[in-house]
Amino acid sequence: MSEHVYKSVELTGSSKKGIEDAVRNAISLGGDSDTLACITGAIGEACYGPVAPHIIDNVKTILPRDLWVITEKFCRQYGPM
């Protein structure tokens, strides 16, 4: 198993505040932080529940419209965020 997965499990399990805290910790490590944050977010959602609405709203304001449309289509097909 990839070292990223082990580190993500550690970050998620050690977060006292939830998914947002776990992902922030993953990003702060540097290196391949985008991969680490993605894996941590996926594991965190399984552990802590769905991503908070305020985070989704923030992503909507940052992400270009065409990418948000793809994200919504993906979620309709494979499950909610």
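To be clear, the structure that these remarks concern was listed above.
Residues numbered from 1 in each chain as written. Predicted model: local features only at pLDDT ≥ 70, side-chain atom pairs only at ≥ 80, totals over all residues. Heavy atoms only, no water.

This part covers the overall build of the chain. Broken down by element type, the chain carries five helices and zero strands. Helices and strands appear in the chain in the N-to-C order α-α-α-α-α. For the chain, buried positions account for 22% of its 81 residues. Entry remark: accessible area of the chain is about 5,800 Å², with carbon and sulfur atoms responsible for 61%. If you average the places of the 8 positive and of the 10 negative side-chain charges in the chain, the two averages end up 6 Å apart. (Helix = DSSP H or I, 4+ residues; strand = E, 2+ residues; numbered from the N terminus. Buried < 20%, exposed > 50% of the residue type's maximum accessible area, 1.4 Å probe, protein only. Areas by Shrake-Rupley, 256 points an atom, 1.4 Å probe, with all protein chains shown as cover. Lys, Arg positive; Asp, Glu negative; His and termini not counted. Charge placed at Lys NZ, Arg CZ, Asp CG, Glu CD.)

Tallied over the entire structure, the rule returns one salt bridge. Arg24 is the salt-bridge partner of Glu20, the closest N and O atoms lying 2.8 Å from each other. One end of the pair is Glu20 and the other is Arg24, both in helix α2 (residues 19–28) and four residues apart, which spans about a single turn. Given the relative accessible area of 32%, Glu20 is considered partly exposed. (Salt bridge = Lys/Arg side-chain N within 4 Å of Asp/Glu carboxyl O.)

The next point concerns helix α3 (residues 33–48). Taken as a whole, α3 has its buried residues at Ser33, Leu36, Ala37, Thr40, Gly41 and Gly44. Relative to the axis of α3, the buried residues are bounded by an arc of 135° and lie together on one face. Exposed residues on α3 whose side chains face more than 90 degrees from its buried face are Cys38, Ala42 and Ala46. (Arc of directions from axis to C-beta.)

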